[in-house]
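Examining the three-dimensional arrangement
Chain residues, written in single-letter form:
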Amino acid sequence: MPSTTASGGTILRDASARYRKASREEGGARGAFDAETKRSGGAPRAEVTVRRDTAPADVAELLGGEAVVVRARKMYDGDTLVQLADTYIPVDVAETAGVEQVDTGVGGIISRFAEAGFAQAEVTEDVTQIEADAEQAAALGVEVGAKLLQILHVGRTEQGRAVEVTRHVLGAGWTLRFSVPVA
């Protein structure tokens, strides 16, 4: 039996639709998580902190540099924490797109990137199973070492520049959907 969220259901994270503008901005949503949670009957909210920092080595390699803006988010369905997400953005992209404030408006950062000339033309997401560290375990209400899903998202422009790397760590209550056209 699947885990449930505060809304009593699961949140459907549909990789085939979540990056389309219409999906991210549906009903004034502040991004994909907001839209998906509402669509699933939930009550989305996020606690967001924004800071400038040095990217971890693996992220710096993907972004081609260490100076980043980090958007660290705790994402809830009602009072239930369902996801931890840390987004790393090159400083020049963050400045140009105006995403160093907590509320980035309808459609979230991906819409701001597009408006600033950094539209994501390709998204790669690697889904792996990780063991919860002490911080993740405490936040998500699981035991240290419990298996969690992590999604490493890399968004690239038409020119191939990585403009966003996000580590999503999912708690209970998710369904992941991937749809691929078959010729």
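Scope of this entry: the structure provided in the associated data block. Going along each chain's sequence as written, the residues are numbered from 1 onward. Local features are withheld for residues below a pLDDT of 70 in this predicted model, meaning they are given only at 70 or higher, and side-chain atom pairs are given and counted only at 80 or more; totals for whole chains, interfaces and linings count all residues. Heavy atoms from the whole structure form the basis of all side-chain values; hydrogens and water molecules are not counted.

A closer look at helix H5 (residues 108–115)
Our working definition: Only protein chains enter the area calculation, which uses a 1.4 Å probe; residues under 20% of their type maximum are buried, those over 50% are exposed, and those in between are partly exposed. Numbering of helices and strands runs from the N terminus, with a helix taken as a DSSP run of H or I at least four residues long and a strand as a DSSP run of E at least two residues long. A contact between two residues is defined here by any heavy atoms of the two lying within 4.5 Å.
Within H5, six of the eight residues are buried, which leaves the element mostly enclosed by the surrounding structure. If you check which residues of H5 are buried, you get Gly-108, Ile-109, Ile-110, Ser-111, Arg-112 and Phe-113. Buried-residue contacts for H5 involve helix H1 (21–25), strand E3 (67–77), strand E4 (80–90), helix H4 (91–97) and strand E7 (162–170). Two residues or fewer past H5, Gly-117 is found with a positive phi of approximately 90 degrees.

Here's the deal with helix H2 (residues 32–39)
A large share of H2 lies buried, amounting to six of its eight residues. Among the residues making up H2, those that are buried are Ala-32, Phe-33, Asp-34, Ala-35, Glu-36 and Thr-37. Contacts from the buried residues of H2 go to strand E1 (11–14), H1, strand E2 (44–54), E3, E4 and strand E8 (174–177). Just downstream of H2 lies Gly-41, where phi reads positive at about 85 degrees.

Overview of the packing of aromatic side chains
Short version of the rule: Ring pairs shown here join Phe, Tyr and Trp side chains whose ring centres sit within 6.5 Å, with only the six-membered ring taken for Trp; geometry is labelled stacked below 30 degrees between planes, edge-to-face above 60, and tilted in between.
All chains considered together, the criterion is met by one aromatic pair. Where Phe-33 meets Trp-174, the ring centres are 6.2 Å apart and the plane angle is 40 degrees; that geometry is what we call tilted. One end of the pair, Phe-33, is in helix H2; the other, Trp-174, is in strand E8, with 141 residues separating them in the sequence. Among the residues examined, Trp-174 registers a relative accessible area of 14% and is labelled buried.

Some points on the pairing of E3
Where we set the bar: A pair of strands counts as paired when DSSP detects no fewer than two bridges linking them.
Counting buried positions along E3 gives nine out of eleven residues, so the element sits mostly inside the fold. For E2 and E3, the ladder comprises eleven bridges, and the chain directions are antiparallel. Bridged to Arg-45 within E3 is Tyr-76. Of the strand pairs in this sheet, E3 and E4 are connected by ten bridges, and their pairing is antiparallel. Its bridge partner being in E4, Val-69 is matched across the sheet by Ile-89. Between E3 and E4, which pair antiparallel in sequence order, lie two residues; one of them, Gly-78, sits at a positive phi of approximately 65 degrees.

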